[in-house]
Amino acid sequence: MTARLGTVGAGAGAAAATYVTNNALPDAEITVFEKSRGVCGRAAARRRDGLVYEHGANYLTDDDDRVNNLVTEEFDDGLVEVNGPIWTFDAAGTVSEGRDSDKRRWTYADGITRLAKHLFGATGATVKRTTRIVDVHHDGGWRLTDANESTHGPFDTLLLNPPAPQTAALLDETGIEAVDQLGNAAAAVDYRTVWTAVLGYDFEIDVPYYALVNADKEHAVGWIGREECKPGHVPDGETVLVVQASPDWSTERYDDPPEQNIAVLAQHAAEIVGDERLTDPDWTDHQGWRYALPEAGVRADAVRAAAQKDVYVTGDWVAGEARLHAAVRNGLGTGDAVAEALRGR
């Protein structure tokens with residue numbers, strides 16, 4: 001009998017797990033349900049008039065051998081290295097030269113979402129986009145119900161990739177104690193909220209860094225990144241700043257009018273960078289990430305117990321590190337475990 005895997009969420013962790021599972025078990029039937037139109041979760045990119053900008057995760061860090069090999073040897077088509085160091089600024093907005101590491105930072109010329117597109121594209125998985133799963137239950141196998149009340153399954157094994165609070169909502173009263181306990185553990189994972197403004201300008205700025213990070217975490221802004229430092233993203237003669245507000249500011253102002261938030265963040269960016277022209281962008285975009293950065297990982301014992309009932313989770317909140325490379329690394333390891341479990345059926 002063909003093994004069947006149902007996956008909720010098409011983020012980077014799920015993409016990596018799907019790739020590994022499919023490689024190990026090419027005949028397995030893998031179906032991925034994604035609520036949005038895109039893939040790769042918070043590692044997100046948008047396009048506008050010939051440019052690309054990443055309004056969530058900024059890049060993939062050179063911080064894990066298996067992940068490094070995956071992107072540089074297997075999926076290097078379109079891979080580019082981010083140019084320039086990361087400097088710091090303090091509560092007063094004073095910029096200082098950072099202690100930049102030797103680690104490389106990667107993305108793709110057409111955006112970081114290419115990573116998940118590469119991974120899913122190398123498998124036989126079916127990816128059902130704009131399909132929001134609202135319920136998980138067990139009845140002769142794991143079954144999923146979507147927002148249109150359609151039921152999918154049964155699946156031998158489930159893999160869940162949404163942020164911890166959304167995973168917790170799905171694993172509520174499944175009737176399987178170990179799985180319900182995983183839901184409780186996921187509900188206990190705290191998150192930092194990030195509100196992001198994207199500011200576009202029809203001129204270049206001359207600064208010696210790729211990005212600025214608030215070192216003392218006392219400023220309303222947490223990060224300013226320059227998309228023009230990513231080859232293929234921004235045409236010559238233009239500037240695109242990705243300005244991420246601090247978690248406290250983001251939480252307080254999350255539901256305020258976007259144009260108001262953008263104006264405030266543009267003013268902050270101008271003051272920090274030291275260029276008054278940045279107060280008046282030629283175009284803007286924005287994105288609120290309510291569940292942006294997990295504070296810590298979910299309890300490992302809850303993850304292991306649910307796996308015994310054929311329910312797996314993956315993502316940065318499982319890895320316990322709010323980094324894209326950590327989500328991919330966790331997905332690769334989770335894919336190994338899922339493949340082993342399905343092989344034994």
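All values derive from a computational prediction rather than experimental measurement.

Parameters at a glance
- Residues numbered from 1 in each chain as written.
- Predicted model: local features only at pLDDT ≥ 70, side-chain atom pairs only at ≥ 80, totals over all residues.
- Heavy atoms only, no water.
- Helix = DSSP H or I, 4+ residues; strand = E, 2+ residues; numbered from the N terminus.
- Buried < 20%, exposed > 50% of the residue type's maximum accessible area, 1.4 Å probe, protein only.
- Contact = heavy atoms within 4.5 Å.
- 1 Å grid on protein atoms, 1.4 Å probe; cavity = no way out; pocket = protein on both sides within 12 Å on 5 of 7 lines; lining within 4 Å.
- Points joined across faces, edges and corners; volume = space filled by probe spheres on them.
- Nonpolar A, V, L, I, M, F, W, Y, C, P; charged D, E, K, R; others polar.
- Salt bridge = Lys/Arg side-chain N within 4 Å of Asp/Glu carboxyl O.

**Description of the environment of Gly98**
Part 1 of the argument: Checked against the element boundaries, Gly98 lands in the loop between β8 (95-96) and β9 (105-108).
Part 2 of the argument: As for Gly98 and Thr88, which are separated by 10 residues in sequence, their C-alpha atoms are 5.4 Å apart.

**Considerations on the environment of Leu60**
Part 1 of the argument: For Leu60, the location among the structural elements is in strand β5 (residues 60-61).
Part 2 of the argument: The exposure class assigned to Leu60 is buried, which follows from its relative accessible area of 2%.
Part 3 of the argument: Sequence separation of Leu60 and Arg132 is 72 residues, and the distance between their C-alpha atoms is 27 Å.
Part 4 of the argument: The residues touching Leu60, leaving out its near neighbours within four places in the chain, are Val67, Val71, Arg104, Arg105, Trp106, Ile112, Leu324, His325 and Val328.

**With respect to the layout of surface pockets**
Part 1 of the argument: Roughly 160 Å³ of volume is contained in the second largest pocket.
Part 2 of the argument: If you trace the second largest pocket, you find it lined by Met1, Thr2, Ala3, Leu25, Asp27, Ala28, Asp156, Leu342, Arg343 and Arg345.
Part 3 of the argument: When its residues are assigned to classes, the lining of the second largest pocket shows 5 nonpolar, 1 polar and 4 charged.

**With respect to the pattern of salt bridges**
Part 1 of the argument: Applying the stated rule across the entire model yields 17 salt bridges.
Part 2 of the argument: Notably, a salt bridge pairs Lys230 with Glu54, separated by 2.6 Å at the nearest N-O pair. A residue pair is termed long-range when its members are at least 10 positions apart, and Lys230 in the loop between β17 (221-226) and β18 (239-245) and Glu54 in strand β4 (residues 51-54) qualify at 176 residues. Across this residue pair, the class does not change: Lys230 and Glu54 are buried.
Part 3 of the argument: With a shortest N-O distance of 3.6 Å, Arg192 and Glu295 are connected by a salt bridge. Of this pair, Arg192 sits in strand β15 (residues 191-201) while Glu295 sits in the loop between β19 (283-294) and α8 (300-307); the two residues are 103 residues apart in sequence, bridging distant segments of the chain.
Part 4 of the argument: On the accessibility criterion, Arg192 (27% relative accessible area) is partly exposed.
Part 5 of the argument: Residue Glu295 is classed as partly exposed on the basis of its relative accessible area of 48%.

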